[in-house]
Amino acid sequence: MTDHDLDVAHAAPVSTPLLATLAAIALLVVAAIAAPLLLPPQPLPLLIGAGAGVGLLLWIAVLLTALRGTSMASRGGAALLLVATGAGAGLVANGQFQSRARTDASSFADVEPAADGTLRFPGDATSRGPISRQFAAVAAAEAAAQQGYGAALKRLGAGALNSPYLLTQDPHAITDCRAFSTLRATTETDGAAQAEARAKLRQAIADARLPDVAKRGIATMAGTDGADPRLTNRLAMLDATHQLCQLLAKRSWFNANGLFGFQVAADDTAYRQIQDQRQRLAAEAEQLDRGARDRMLAGRESVRDALSQSIFFAQ
């Protein structure tokens, strides 16, 4: 046997354990990167413990295949290295989970509320994550329902119910008062669908790997803390409008210098009561819109503050 052959014979037992250990480390790195893509968010202690456990299992595999002929110090060093790397991989995976969740939550930090309560999302909001996608879908559905509601009122001629002149010119608003009840049923159905979508959004928020303050801010912005009072207000307004339509359909009114006058005192009293209720509901609607915008801004600031924290240790 030549000197070269002896050198090769001595080198093989050293290089094989080293390569096996490096391969195990590479597997842990791959697992740290792949875990957030394949698994739902997990608690940080679980990720670190699982990573250390996988590192220990890989050390056992390396021990059985490549470390048999090495010293106890080499075996112990490899065990310590792989367990520590596994724990570090869990920490990195947590950072990946946090980073993905924060990218998702960033839509809430970037959203701009309009004066009427509708929302303007960043252009790529739907691609930032499940919460952003669901919130954008909920907001779009509610905006569409609101536009449909306004269009339906216009189609029914509801504006004419406020003016005897307009109602005289176009009395079709009082020819079918049941249409207002039909619109109420549609509005209520839309509200139920929106409530269901918000419940799913609420669950997505609860499952997100985000600080509690961020979750609370997002929940405030999403309006997931109960029934939407604006829907309740809208339904009450439709009830009052239906009553007004039925009253005016009796045609006991006349044009009193641009105001409704009534030939029957009871109808005049009923008209005043209904209009007082409608004015109160209209003022309440404006207040609810302002309140929704204020809550949106407050929630957005909470999200922005939360996203400024460390991505590795925030829970």
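Reading the values: rules and limits
Going along each chain's sequence as written, the residues are numbered from 1 onward. Since the coordinates come from a predicted model, pLDDT governs what is reported: local features require at least 70, and pairs of side-chain atoms require 80 or more to be given and counted, while whole-chain, interface and lining totals use all residues. For the side-chain quantities, the full set of heavy atoms in the structure was used; hydrogens and water were omitted. Strands here mean DSSP runs of E at least two residues long; helices mean DSSP runs of H or I at least four residues long; both are numbered from the N terminus. Burial classification: accessible surface area is computed with a 1.4 Å probe over protein chains only, and a residue below 20% of its type maximum counts as buried, one above 50% as exposed, and the rest as partly exposed. Whether two residues touch is decided by their heavy atoms; if any such pair falls within 4.5 Å, the residues are in contact. Working definition of accessibility: Shrake-Rupley area with a 1.4 Å probe, residue cover restricted to the visible protein chains. Given the number of residues in a helix, its expected span is that number minus one, multiplied by 1.5 Å. The working definition used for a salt bridge is a side-chain nitrogen of Lys or Arg within 4 Å of a carboxyl oxygen of Asp or Glu. In plain words, nonpolar cores are sets of buried Ala, Val, Leu, Ile, Met, Phe, Trp, Tyr and Cys residues tied together by side-chain atoms within 4.5 Å. A patch consists of residues exposed above 30% relative accessible area that lack any salt bridge, with like charges linked at up to 9 Å and nonpolar side chains (Val, Leu, Ile, Met, Phe, Trp, Tyr) linked at up to 5 Å. Each direction from the helix axis to a C-beta atom contributes to the arc, which is the arc of those directions. Per-residue confidence from the prediction method is given by pLDDT, with values spanning 0 to 100. Cysteine sulfur atoms that pair up within 2.5 Å are treated as a disulfide. As used in this structure description, the phrase polar contact means that two N or O atoms lie within 3.5 Å; if the pair is within protein, one of them must be able to donate a hydrogen and the other to accept it, and residues adjacent in sequence are counted only when both atoms belong to side chains. Two strands are counted as paired when DSSP detects at least two bridges linking them.

Chemist: Sorry if this is basic, but what is going on with the overall build of the chain here?
Modeler: For the chain, the helix and strand inventory stands at nine helices and four strands. The buried share among the 315 residues of the chain stands at 38%. Long-range contacts, defined as pairs at least 24 residues apart, comprise 74% of the intrachain contacts of the chain with a sequence gap of at least 6. Of the accessible surface of the chain, which amounts to about 17,100 Å², a share of 61% is contributed by carbon and sulfur atoms.

Chemist: Sorry, what's going on with helix α6 (residues 178-207) here?
Modeler: Here α6 is 30 residues long and its end C-alpha atoms lie 44 Å apart, about the 44 Å a rise of 1.5 Å per residue gives. Those residues of α6 not exposed but buried are A179, F180, L183, T187, G191, Q194, R198, L201, A204 and I205. Those residues of α6 that are buried lie in contact with α4 (130-156), α7 (212-222) and α8 (229-249).

Chemist: When you look at the pattern of salt bridges in this model, what are you seeing that I'm missing?
Modeler: Where charged atoms of side chains with opposite charge meet at close range, the side chains can pair. A full pass over the atoms with the stated rule returns ten salt bridges. R184 is the partner of D239 in a salt bridge, and the nearest nitrogen-oxygen pair spans 2.7 Å. In this pair, D239 sits in helix α8 while R184 sits in helix α6, placing the two residues 55 residues apart along the sequence. Relative accessible area serves as the criterion here: at 23%, R184 is assigned to the partly exposed category. Its salt-bridge partner being R230, residue D228 comes within 3.4 Å of it at the nearest N-O pair. In the salt-bridge network here, residues are joined through shared partners; they are E112, R300, E301 and R304.

Chemist: What is the right way to read the environment of Q275 from this model?
Modeler: On the secondary structure map, Q275 appears in helix α9 (residues 265-307). Here Q275 falls in the buried class, since its relative accessible area comes to 12%. Separated by 31 residues in sequence, Q275 and L244 have C-alpha atoms that sit 8.0 Å apart.

Chemist: Is there a simple way to explain the nonpolar core in this structure?
Modeler: With 25 residues, the main nonpolar core has L161, L167, L248, F260 and F262 as its most contacted residues. When contributions to this core are tallied by element, the ones reaching two or more residues are α4, α6, α8, β4 (259-262) and α9. Ranked by residues supplied to this core, first place goes to α8 with six residues. Excluding its chain neighbours within four sequence positions, the residues that come into contact with F262 are L247, L248, S252, W253, F254, D267, D268 and Y271.

Chemist: I would appreciate a short explanation of a nonpolar patch on the surface in the present structure.
Modeler: Where nonpolar side chains cluster on the molecular surface, the patch consists of L56, L57, I60 and L64 and spans about 370 Å² of accessible area. The residue L57 is located in helix α2 (residues 44-65) in this model. L57 sits in the exposed class, given a relative accessible area of 59%.

Chemist: Would you explain α7 in this entry?
Modeler: Structurally, the α-helix is built with 3.6 residues per turn, so residues lying three or four positions apart point the same way. Taken residue by residue, α7 has A214, K215, G217, I218, M221 and A222 as its buried positions. One side of α7 carries all its buried residues, which in axial view fall inside an arc of 165°.

Chemist: Please explain the confidence of the model for the chain as it appears in this structure.
Modeler: Any region with low pLDDT has predicted coordinates that should not be read closely. The share of residues in the chain with pLDDT of 70 or more is 84%, and the mean pLDDT across the chain is 81. A low-confidence stretch, residues 1-14 (pLDDT under 50), is modelled with two contacts involving residues beyond four sequence positions or located in other chains.

Chemist: Please clarify how the state of the cysteines should be interpreted in this entry.
Modeler: Disulfide: a covalent bond formed between the sulfur atoms of two cysteine residues. Counted by the stated rule, this structure contains one disulfide. Paired by a disulfide, C177 and C245 hold their sulfur atoms 2.0 Å apart. Between C177 and C245, the S-S dihedral sits near -85°, and the bridge is therefore left-handed. Here the residue C177 occupies a position in the loop between α5 (164-169) and α6, and C245 occupies one in helix α8, the gap between them amounting to 68 residues.

Chemist: Could you clarify how one ought to interpret the side chain of S106 in this entry?
Modeler: For S106, the position within the fold is in helix α3 (residues 72-110). Once you skip the residues sitting within four places of it in the chain, S106 turns out to touch R128 and L307.

Chemist: Help me out: how do you make sense of the environment of E301 in this one?
Modeler: For E301, the position within the fold is in helix α9. For E301, a relative accessible area of 35% corresponds to the partly exposed category. Along the sequence, E301 and D110 sit 191 residues apart, while their C-alpha atoms lie 10.0 Å from each other. Of note is the side chain of E301, whose polar atom sits 3.3 Å from the side chain of R304.

Chemist: Help me out: how do you make sense of the pairing of β4 in this one?
Modeler: Looking down a regular strand, the side chains alternate between one sheet face and the other. Sheet topology places strand β3 (residues 253-256) next to β4; four bridges connect them, and they run antiparallel. Its bridge partner lying in β4, A256 is registered against L259. The antiparallel hairpin formed by β3 and β4 contains two residues in its connecting segment, where N257 sits at a positive phi of about 55°.

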